[in-house]
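Structural overview
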Amino acid sequence: MSAALKPTPEAPLIRLRDLHVKFESRDRTVHAVNGVDLDLAAGEVLCILGESGSGKSVTLRALMKLLPKTAKVTGEIKVGGRDVQAMNESQLADFRGGDVAMIFQEPMTALDPVFTIGRQIAETVQRHEGASRSAADARALELLELVQIPSAKRRLSAYPHELSGGLRQRAMIAVALACRPKLLLADEPTTALDATVQIQVLLLLRSLQEQLGMGVVFVTHDLGVAGEIADRVAVMYAGKVVEEGPVGALMAGPLHPYAKGLLGATVHAGMRGKRLTTIPGAPPMLDKVPTGCAFAPRCAEVIEGCHTGVPALRQIVPGRQARCILVAPGEG
Amino acid sequence: MVLPPPAPDRGGAAQPLLETRGLVKHFPIRGGLFGRQMGEVRAVDGVSLTVRKGETLGIVGESGCGKSTTARLLMRLLDPGAGEMIFDGDAVGRDDLGGGISLKDYRRQVQMVFQDSYASLNPRLPIEDTIAFAPEVHGVPAAEARERARELLAAVGLAPAQFARRYPHELSGGQRQRVNIARALALRPRLVILDEPVSALDKSVEAQVLNLLVDLKESFGLTYVFISHDLNVVQYISDRVLVMYLGQVVEEGPVDEIYARPGHPYTRALLASRPSMDPSQRRTEPPLTGDPPNPVNPPSGCRFRTRCPHAEAVCAEIPPVAATLSPGHTAACHMALPGSGHSQAGGIAA
Ligand SMILES: Nc1ncnc2c1ncn2[C@@H]1O[C@H](COP(=O)(O)OP(=O)(O)OP(=O)(O)O)[C@@H](O)[C@H]1O
Ligand SMILES: Nc1ncnc2c1ncn2[C@@H]1O[C@H](COP(=O)(O)OP(=O)(O)OP(=O)(O)O)[C@@H](O)[C@H]1O
Ligand code: SF4
Ligand code: SF4
Ligand SMILES: [Mg+2]
Ligand SMILES: [Mg+2]
């Protein structure tokens, strides 16, 4: 195990404070992330849930310093107590794929098409752990078995394009787990998969997370997926966390008007013949930083005070927070 | 009101609006130095279906099972390799025989909405021009076609004064999909084929568009074929449901029957694969293992047998035919066919 990441109760696996990310180009400014605070304890699974453009992927990439040069990033980003923003290239190279690994929606972005699956895993192990070639090859086989790829031995010599979608996703997970990361960052890794394959990969990820005691940040726009894998959920809207809490409580009774609307608008069994509740309009453009509650233009409960300042993220009951002036501490 | 009425009902209420028998579409795979044919993708392999007047027929199945190919066959954007289509009692494309309907007339009465709201709109045209385009091509005077476009924009919830002159890039995804729906209605079709119309939309916008589709069906007297991989959405919107696997129909029936008493092992697995929406009810075993096989080389006999927990010898030898489980509810599985040779034949209603 890597010595660098030893989270203690005082230093959680992730500590994110007041993260801001802004993209500026000649003709456009996007305020993608506007003050995100997040903590992750060792071995915990946090889902970041939100609609397209809410800033989920940008937040996740900031944790690995994977944003392009055009991104202006401010705030405190600590992973395992280390300041990610201050890392230089060689420190980052050790950090990525070693202590922290990432998986994506499209496995081909993470897999190299010209190397076999076995070689890619072994390569990672050799580079990060200085293992011998034969030890690394043995580890590659072990990993393919761990992610339940059938005929693992034969698959070591397969190229990524020779695998089906579900197997490719498993292979990417195997590469990510090669160096026993303490933190896994997952950006919609099951979104492109078929229903019967998605549930397989979700159950696999959850069992690996438990076996290896990994902390996981899992980005999704699908409430049902969060319900299958999360311990806690952070709901993002327009670059901010608007509600955060344990998955069961949040799904049983969301506090924030946006989270309530999202839950009500998600079609599930037993809604046939009923009119669906909707959230009117669409999310804001983010070319300016909202000066009031960013959800106000769509909120059914909006009052005068919602426009005058940005509502604070407040603890409502222990372990649950919401960013709405009408959700007062003590409710819930 | 400048919108014309739709084409009149010909066959009467009992005559299905559209029927297909044994539709087939195989795509050649070319490769090698001379682009020779190396094999074929059996994308749609004998699909027979019935769309009743005024209903919504949902089609579900996993990626690559042939849903979009079926849609494009129904639209006649593709020519079937085999099989026939009957529209309100008339054979489609067989007007030469007398009593048939020409492809041109058919295509006016059937319209389609695609998943990708952006790719299906002309980026250089204001949206009202896009909507007015097809009526103009069909001889409607420009001013009238434009007025029709504005009426349709209002019908899909986009105030014409505010939106008519906007370009597609000036709209959100949900608004663009509303434009696509308006365009599909411009020729007053009787049948609208919706291929994953809400799959690219966020949940909060998806609900808006689903409500709109329900309203339009009522006010325009439409019949829908609604394709989706989202089982919850299909359950919400459909009257009857058709389940596809590897180019074939494995089960068909009323929506409540399919969801409450799925007859085919694949349908059961598909339904059981939905996330539970209740974190205290998490499972540990997936309903199925493995991925769907490649449609280039589908398994012999029953195409689901390589993943089916009940597969027996007969399943590899004989393709199962559809058996009736209850009125209007059929499943193509040897367990549902008494005397098929499967040890559980007749015992499927478990
Ligand atoms: N490299 C970039 N340059 C400019 N803008 C960007 C860049 N990356 C992201 N953005 C913008 O930042 C905002 C947040 O994007 P992000 O990718 O985090 O959204 P997301 O929540 O992951 O959405 P999705 O569900 O669609 O993946 C969006 O408006 C996006 O267009
Ligand atoms: N023009 C084409 N040429 C060759 N193969 C094709 C063509 N169109 C579709 N296919 C293949 O036919 C099969 C069925 O494709 P189709 O698009 O109908 O599936 P689908 O059920 O709509 O899937 P999805 O849920 O991913 O949209 C797939 O294997 C696909 O790769
Ligand atoms: S602060 Fe106001 S506008 Fe924002 S969510 Fe709460 S009630 Fe709605
Ligand atoms: S026919 Fe056989 S393999 Fe196919 S679904 Fe029925 S039991 Fe399973
Ligand atoms: Mg994203
Ligand atoms: Mg499709």
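Here the structure is a predicted model, which means the values were calculated and not measured.

Another aspect to go through is the nonpolar core. By size, the foremost hydrophobic cluster in this structure holds 102 residues, and its most contacted members are Ile121, Ile173, Leu183, Leu185, Phe218 and Val233 of chain A. Of all the elements, helix α6 (residues 165-176) of chain A adds the most residues to this core, at seven residues. Within the second largest apolar cluster, 65 residues are counted, among which are Tyr224, Phe226, Leu246 and Cys315 of chain B.

Around ligand 4, the surrounding shell holds 14 residues, and the nearest of these are Cys302, Cys308, Cys315, Cys333 and His334 of chain B. Among the residues forming the shell around ligand 4, the class breakdown is nine nonpolar, four polar and one charged.

Our focus in this paragraph is the sheet that holds strand β4 (residues 82-87) of chain B. Residue and element names in this part refer to chain B. Read across the sheet, four strands follow the order β2-β1-β4-β5 without closing on themselves; strand pairing throughout is antiparallel. Edge positions in the sheet fall to β2 (36-51) and β5 (90-91), since each has one partner strand and no second. Note: strand β1 (residues 18-31) against β2, eleven bridges, orientation antiparallel. From the neighbouring strand, Leu18 faces β2, where its bridge partner is Val51. Relative to the sheet, helix α1 (residues 67-74) contacts β1, β2 and β4, its axis offset from that of β1 by approximately 120 degrees.

Let us now look at the site of ligand 3. Every residue close to ligand 3 is listed here: His256, Pro257, Cys293, Phe295, Ala296, Cys299, Glu301, Cys306, Pro311, Cys324, Ile325 and Leu326 of chain A. Here the shell around ligand 3 is composed, by residue class, of ten nonpolar, one polar and one charged.

Residue and element names in this part refer to chain B. Spanning 13 residues, helix α6 (residues 173-185) covers 19 Å between terminal C-alpha atoms, matching the ideal 18 Å at 1.5 Å per step. With ten of 13 residues buried, α6 lies mostly within the body of the structure. Taken as a whole, α6 has its buried residues at Gly174, Arg176, Gln177, Arg178, Val179, Asn180, Ile181, Ala182, Ala184 and Leu185. Buried residues in α6 make contact with β6 (110-113), α3 (127-137), α4 (142-155), β7 (191-195) and α7 (203-220).

Residues and elements named next belong to chain B. For chain B, the domain assignment lists domain 1 (18-244) and domain 2 (246-275 + 287-336). Its C-alpha centre places domain 1 at a distance of 27 Å from the equivalent point of domain 2. Tallying the contact residues gives 26 residues for domain 1 and 23 residues for domain 2. The junction of domain 1 with domain 2 conceals about 2100 Å² of combined surface from both sides, 56% of it contributed by carbon and sulfur atoms. Summed over the three residues of domain 1 that lose the most area to domain 2, namely Glu62, Leu231 and Val243, the buried surface amounts to 30% of that side. Our enumeration of links across domain 1 and domain 2 arrives at three salt bridges. In this structure, Arg303 engages Asp45 in a salt bridge whose closest nitrogen and oxygen atoms are separated by 2.5 Å. When residues of the side of domain 1 that touches domain 2 are traced back to their parent elements, those giving at least two are β2, α8 (231-237) and β9 (240-245).

Calculation notes
- Residues numbered from 1 in each chain as written.
- Chains lettered and ligands numbered in written order.
- Predicted model: local features only at pLDDT ≥ 70, side-chain atom pairs only at ≥ 80, totals over all residues.
- Heavy atoms only, no water.
- Core = buried A, V, L, I, M, F, W, Y, C linked by side-chain atoms within 4.5 Å.
- Buried < 20%, exposed > 50% of the residue type's maximum accessible area, 1.4 Å probe, protein only.
- Helix = DSSP H or I, 4+ residues; strand = E, 2+ residues; numbered from the N terminus.
- Near = heavy atom within 4 Å.
- Nonpolar A, V, L, I, M, F, W, Y, C, P; charged D, E, K, R; others polar.
- Pairing = 2+ DSSP bridges.
- Contact = heavy atoms within 4.5 Å.
- Axes fitted to C-alpha atoms, helices over the stretch in contact; angles between N-to-C directions.
- Expected span 1.5 Å × (residues − 1).
- Domains from an automatic or database assignment.
- Buried area = accessible area lost by both parts, 1.4 Å probe.
- Salt bridge = Lys/Arg side-chain N within 4 Å of Asp/Glu carboxyl O.

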